[in-house]
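# Observations on the model geometry
So you can see what is in the structure, the chains are spelled out below.
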Amino acid sequence: METVKQHIVHGGTLRYLRHDSATTGTPMTLSVFTPPGEGPFPVLIWLSGLTCTEDNFTTKAGAYRAAAEHGLIVVAPDTSPRGEGVADDPAYDLGQGAGFYVDATEAPWSDHYRMESYVTGELLELIDGAFPAGPARSIFGHSMGGHGALTLALRHPELFQSVSAFAPISSPTRCPWGEKAFAAYLGPDPDVWAEHDAARLIEGGRARGVYDTILVDQGDADPFLEEQLKPQLLKAAADKAGQGLNLRMQPGYDHSYFFMASFIDDHVAFHAARLKS
């Protein structure tokens with residue numbers, strides 16, 4: 001990996017990195033914060049939402065003071081493959097910046113859009129090889145990235161100790177963002193879609209006995225709450241499956257990084273407790 005730039009923050013080192021990905025067939029970018037000390041350190045993966053790059057979380061979330069305090073590496077990859085020759089769409093909710101953390105099976109997306117394999121395979125291997133990373137990892141994210149964190153944790157429970165989300169797309173098979181993306185990337189079969197739907201996976205018992213509880217923060221002034229995010233479907237699924245879910249509805253908060261920055265310390269501490277248990 002090539003270091004594009006780096007900064008010292010809260011006693012640790014923040015690096016912006018670039019590498020040529022064998023999984024996506026494109027260059028990929030990410031940021032990595034390493035806390036002060038020699039390590040090895042547990043790893044916390046962050047997945048961002050629609051239109052974001054690795055830079056949104058890195059500059060706006062304010063996660064690194066808590067990460068330094070708890071001794072965690074924090075990794076924030078880009079949200080999709082990008083570049084010349086990579087399929088795209090004029091809309092903000094499909095194509096570059098909108099990878100939805102799935103491996104696309106439909107043309108033209110299947111050539112490069114393999115974000116599930118990238119995050120759960122190549123990215124973790126790169127971090128393990130280049131940084132003082134211990135074996136324990138957790139994952140969290142926002143909006144589309146909240147969907148990604150939940151579904152990747154549920155589909156790959158052997159990789160992650162814990163999972164949390166801010167304002168996740170709770171059931172993409174039942175909202176316009178998810179229906180559009182899944183039809184394009186995965187084709188028309190709703191059974192295939194369901195394997196990438198956090199609420200449906202939880203309802204089917206995929207988290208039971210794996211994660212003691214899942215932490216979700218949701219602002220009640222979020223403009224996407226009713227049409228796109230639908231946290232009530234996540235709660236209903238958890239109740240039906242007997243899965244621990246701490247769904248915190250935060251009064252007055254919206255969908256922005258101001259919301260995430262207000263509660264990021266809680267999420268870092270939530271993961272630290274489980275990563276170090």
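Anything mentioned here points back to the structure above.
Okay, so let's go over this structure.

## Quick notes on the pairing of strand E8 (residues 214–219)
- The element E8 is largely enclosed, with a buried count of six among its six residues.
- Of the two faces of E8, both are covered, the one formed by Ile214, Val216 and Gln218 as well as the one formed by Leu215, Asp217 and Gly219.
- Sheet analysis places strand E7 (residues 163–166) next to E8, joined by three bridges and oriented parallel. Within the sheet, the bridge partner assigned to serine 164 lies in E8 and is leucine 215.
- Strand direction decides the pairing type here: E8 and strand E9 (residues 245–250), joined by six bridges, are parallel. If you follow isoleucine 214 over to E9, its bridge partner there is leucine 245.

## Quick look at the environment of arginine 137
- Positionally, arginine 137 belongs in strand E6 (residues 133–142).
- By relative accessible area, arginine 137 is classed as buried at 12%.
- For the pair arginine 137 and phenylalanine 41, spaced 96 residues apart in sequence, the C-alpha to C-alpha distance is 9.4 Å.
- With residues up to four places along the chain from it excluded, the contact list for arginine 137 reads Val43, Leu124, Asp128, Leu159, Phe160, Gln161, Ser162 and Leu275.
- Within the structure, the side chain of arginine 137 is placed 3.0 Å from the side chain of aspartate 128, a separation counted as a polar contact.

## Looking at the side chain of threonine 173
- Along the chain, threonine 173 falls in the loop between E7 and helix H5 (176–186).
- At 2.6 Å, the side chain of threonine 173 forms a polar contact with the side chain of aspartate 197.

## Re the sheet that holds strand E5 (residues 73–77)
- Strand order across the open sheet formed by nine strands is E1-E2-E3-E5-E4-E6-E7-E8-E9, with mixed pairing between neighbours. Across the chains shown, the open sheet's two edge strands, defined by having one partner strand only, are strand E1 (2–9) and E9. In this sheet, adjacent strand axes meet at a mean angle of 20° when their direction is disregarded.
- Bridging between E1 and strand E2 (residues 12–20) involves seven bridges; their strand directions are antiparallel. Residue pairing across strands places glutamate 2 opposite arginine 18, the latter belonging to E2.
- Of the strands in this sheet, E2, strand E3 (27–34), strand E4 (41–47), E5 and E6 are in contact with helix H3 (residues 115–130), which crosses E3 at around 50°.
- Against the sheet, helix H4 (residues 144–155) engages E4, E6, E7 and E8, with an angle of about 135° to E6.

Conventions and cut-offs
Residues numbered from 1 in each chain as written. Predicted model: local features only at pLDDT ≥ 70, side-chain atom pairs only at ≥ 80, totals over all residues. Heavy atoms only, no water. Buried < 20%, exposed > 50% of the residue type's maximum accessible area, 1.4 Å probe, protein only. Helix = DSSP H or I, 4+ residues; strand = E, 2+ residues; numbered from the N terminus. Pairing = 2+ DSSP bridges. Contact = heavy atoms within 4.5 Å. Polar contact = N/O pair within 3.5 Å; in protein donor to acceptor, adjacent residues only side chain to side chain. Axes fitted to C-alpha atoms, helices over the stretch in contact; angles between N-to-C directions.

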